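# Structure at a glance
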Amino acid sequence: MLDPRLTKLANVLVNYSTNVQPGDNVLIDAMEVDAALIKELVKAVSRAGGHSFVSLRESSISRQLLLTGTEEQFRLESEMDKERMEKMQACIIIEGGLNINEVSDVPDEQMKLATSFFKEVSIVRLKKKWVYLRYPTPSMAQLANKSTEAFEQFYFDVCTMDYAKMAKAMQPLKELMERTDRVKITGPGTELTFSIKGIPAIPCPGHYNIPDGEVFTAPVRDSVNGVISFNTPSPYQGFTFEKVRLEFVDGKIVHATANDTERLNSILDTDEGARYIGEFALGVHPVIREPMQDILFDEKIDGSFHFTPGRCYDDASNGNKSNIHWDMVMIQRPEYGGGEIWFDDHLIRRDGRFLLPELAPLNPENLKEQEEHEA
């Protein structure tokens, strides 16, 4: 029997996240996803008057292609992918797979070579209507320390919540961030200052990622000073980094350590922009509370923020260019050591809770109450 939660998720992705219109070409790019969801997406696109184009991938095959790929091969594949993407109006990307570390043994040189070419595809995609999500698997349930059944329910609660209500609650935070110059963040092992003056703040209530729940901007490129000690695992390029600590001088990461300091610095040496920050964001999803080594979920954790070495987004640009974009997450709720965020000498969030009345709707009990009230 068809799980009705898949139909509901497909409708969120097609009718809300990408807002498919009659005549839209929609690429459904799926990595190890159950056929039932793909078929529901195709149906939903058709009902909206669009045309579906489906690409099915498998993680172990992708790994092998990365291991053996040549510069000529990556260039040709990226050119074909770019040409196809240019013909699309929307893109739905869904990644499953039993092993999140499938590409952990791909040499750094190969990863850098591949990403250098596929960056152009990403640039084209970002100009379209697009949404990205992970698909629930037993391995994700293990990382979240939940049974498979409990994790599936958690997943659908997270991915199909009332994002329109979240969007309304985010507007005052967006406006405040766009009025702010100086930001100060404190916490265990963390004393960080930077400016966000003149850079747009972008609410993310389910239009680009599912799950969603963040408002992001970027620091002025050379304004970051101080130190930050991240308290959540940080998976990147198939390896999970822990206890990442970064020191900044005039925007640049001048010292970096982790459980694999050599690997960390190799990534940060990818190019000049990799040692500068391209994004600063506050996470507000009321249902996501604990890290599960999946950045799509972890960067939305209630009471968190993330700080991102590498490429900035065009709609909140500080001019930083890079082949990497690495969201690193800090949780500031009391059980994780607490912390404070100050905007222009005003304390706006303490221990993960917003203190200003206009921002209170973003606190978890209020977002949940709004959702339940509308249910």
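That block above? That's the structure.
### Things to note about the packing of helix α3 (residues 59–68) against helix α5 (residues 108–125)
Two elements in contact, α3 and α5, have axes separated by 8 Å at closest approach and are oriented at 100°. Between α3 and α5, the angle is such that the two are roughly perpendicular. Within the contact between the two elements, α3 uses Leu 66, Leu 67 and Thr 68 and α5 uses Gln 110, Met 111 and Ala 114.

### A word on unusual backbone geometry
Of note, the amide linkage connecting Ile 210 to Pro 211 takes the cis form, showing an omega dihedral of 5°. Position of Pro 211 relative to the elements: it lies in the loop between β7 (202–204) and β8 (214–217). Look at Gln 293: it is not a glycine, yet its phi comes out positive at around 60°. Its place among the elements puts Gln 293 in the loop between β14 (277–283) and α10 (295–298).

### Considerations on the side chain of Asp 302
Relative to the elements of secondary structure, Asp 302 occurs in the loop between α10 and β15 (304–309). Overall, Asp 302 belongs to the buried group, its relative accessible area being 3%. Here the side chain of Asp 302 touches Arg 289 through a polar contact of 2.3 Å, side chain to side chain. Residues contacting Asp 302, with those up to four places away along its chain left out, are Gly 283, Val 284, His 285, Pro 286, Ile 288, Arg 289, Ile 331, Arg 333 and Pro 364.

### Structural notes on a nonpolar patch on the surface
A contiguous nonpolar surface patch, about 250 Å² in accessible area, is contributed by Val 42, Val 54 and Leu 56. For Val 42, the location among the structural elements is in helix α2 (residues 35–47). Accessibility expressed as a relative area gives 31% for Val 42, which makes it partly exposed.

### Let's talk about the state of the cysteines
Using the criterion set out here, one finds 0 disulfides in the structure. The thiol sulfur of Cys 91 is not disulfide-bonded, and the nearest other cysteine sulfur, from Cys 204, lies at 17 Å. For the unlinked cysteine Cys 312, the closest cysteine sulfur is that of Cys 204, found at 14 Å.

### Focus: the sheet that holds strand β18 (residues 346–350)
Pairing is antiparallel in the open sheet, where 8 strands are placed in the order β13-β12-β9-β6-β5-β17-β18-β19. One side of each edge strand has no neighbouring strand; the edge strands of this open sheet are β13 (252–257) and β19 (353–354). Contacts from helix α9 (residues 261–268) reach β12 (245–249) and β13, with the element oriented near 160° to β13.

### What about the pattern of salt bridges?
The tally for this structure, following the rule as stated, stands at 23 salt bridges. With its nearest N and O atoms 2.9 Å apart, the salt bridge here joins Asp 269 to Arg 275. Taking the relative accessible area as the measure of exposure, Arg 275 reaches 11% and is therefore buried. Salt-bridge contacts for Glu 365 lead to Arg 353; the nearest nitrogen and oxygen are separated by 2.8 Å.

### Considering the packing of helix α4 (residues 71–86) against α5
Here α4 crosses α5 at 15°, and the two axes come no closer than 9 Å. The angle between α4 and α5 places the two elements in the roughly parallel class. The two elements α4 and α5 meet at a crossing, and its hand is right-handed. Residues Glu 71, Phe 74, Arg 75, Glu 77, Ser 78, Asp 81, Lys 82, Met 85 and Glu 86 of α4 touch α5, and the partners they reach there are Gln 110, Leu 113, Ala 114, Phe 117, Phe 118, Glu 120, Val 121, Val 124 and Arg 125. Of the residues in the contact of α4 with α5, the class split is 8 nonpolar, 2 polar and 8 charged.

### Concerning the packing of aromatic side chains
To describe a pair of aromatic rings, you give the distance between the ring centres and the angle between the ring planes. Taken as a whole and judged by the stated rule, the model has 17 aromatic pairs. Seen in terms of ring centroids, Phe 151 and Phe 154 are 5.7 Å apart; in terms of plane orientation they differ by 45°. Their pairing is tilted. Of this pair, Phe 151 and Phe 154 are both found in helix α7 (residues 148–159), 3 residues apart, which corresponds to roughly one turn of the helix. Relative accessible area serves as the criterion here: at 13%, Phe 154 is assigned to the buried category. On the basis of an interplanar angle of 45° and a centroid distance of 6.5 Å, the ring pair of Phe 151 and Phe 297 is categorised as tilted. On the criterion of sequence distance, the pair formed by Phe 151 in helix α7 and Phe 297 in helix α10 is long-range, its members being 146 residues apart. For the residue pair Phe 151 and Phe 297, the accessibility class agrees, reading buried in each case. Three or more aromatic residues joined by ring pairs form one cluster here, namely Phe 151, Phe 154, Tyr 155, Phe 156 and Phe 297. The ring of Phe 154 has Lys 146 lying over it, and the distance from NZ or CZ to the ring centre is 5.1 Å. Sitting above the plane of the Tyr 276 ring, Arg 221 keeps its charged end 3.7 Å from the centroid.

### Some words on the sheet that holds strand β2 (residues 51–57)
In space, the 4 strands of this open sheet follow the order β2-β1-β3-β4, with parallel pairing throughout. One side of each edge strand has no neighbouring strand; the edge strands of this open sheet are β2 and β4 (129–134). Strand-to-strand, the axes of this sheet are offset by a mean angle of 10°, without reference to chain direction. Bridge count between strand β1 (residues 25–31) and strand β3 (residues 90–95): 6 bridges; the pairing is parallel. Bridged to Leu 27 within β3 is Cys 91.

Rules used throughout
- Residues numbered from 1 in each chain as written.
- Predicted model: local features only at pLDDT ≥ 70, side-chain atom pairs only at ≥ 80, totals over all residues.
- Heavy atoms only, no water.
- Axes fitted to C-alpha atoms, helices over the stretch in contact; angles between N-to-C directions.
- Helix = DSSP H or I, 4+ residues; strand = E, 2+ residues; numbered from the N terminus.
- Parallel < 35°, antiparallel > 145°, perpendicular 65-115°, else oblique.
- Contact = heavy atoms within 4.5 Å.
- Buried < 20%, exposed > 50% of the residue type's maximum accessible area, 1.4 Å probe, protein only.
- Polar contact = N/O pair within 3.5 Å; in protein donor to acceptor, adjacent residues only side chain to side chain.
- Patch = residues over 30% accessible without salt bridge, like charges linked within 9 Å, V, L, I, M, F, W, Y side chains within 5 Å.
- Areas by Shrake-Rupley, 256 points an atom, 1.4 Å probe, with all protein chains shown as cover.
- Salt bridge = Lys/Arg side-chain N within 4 Å of Asp/Glu carboxyl O.
- Disulfide = S-S within 2.5 Å.
- Pairing = 2+ DSSP bridges.
- Left-handed = near helix turned anticlockwise from the far one by under 90°.
- Nonpolar A, V, L, I, M, F, W, Y, C, P; charged D, E, K, R; others polar.
- Phe/Tyr/Trp six-rings, centres within 6.5 Å; stacked < 30°, edge-to-face > 60°.
- Lys NZ or Arg CZ within 6 Å of the ring centre and 35° of its normal.

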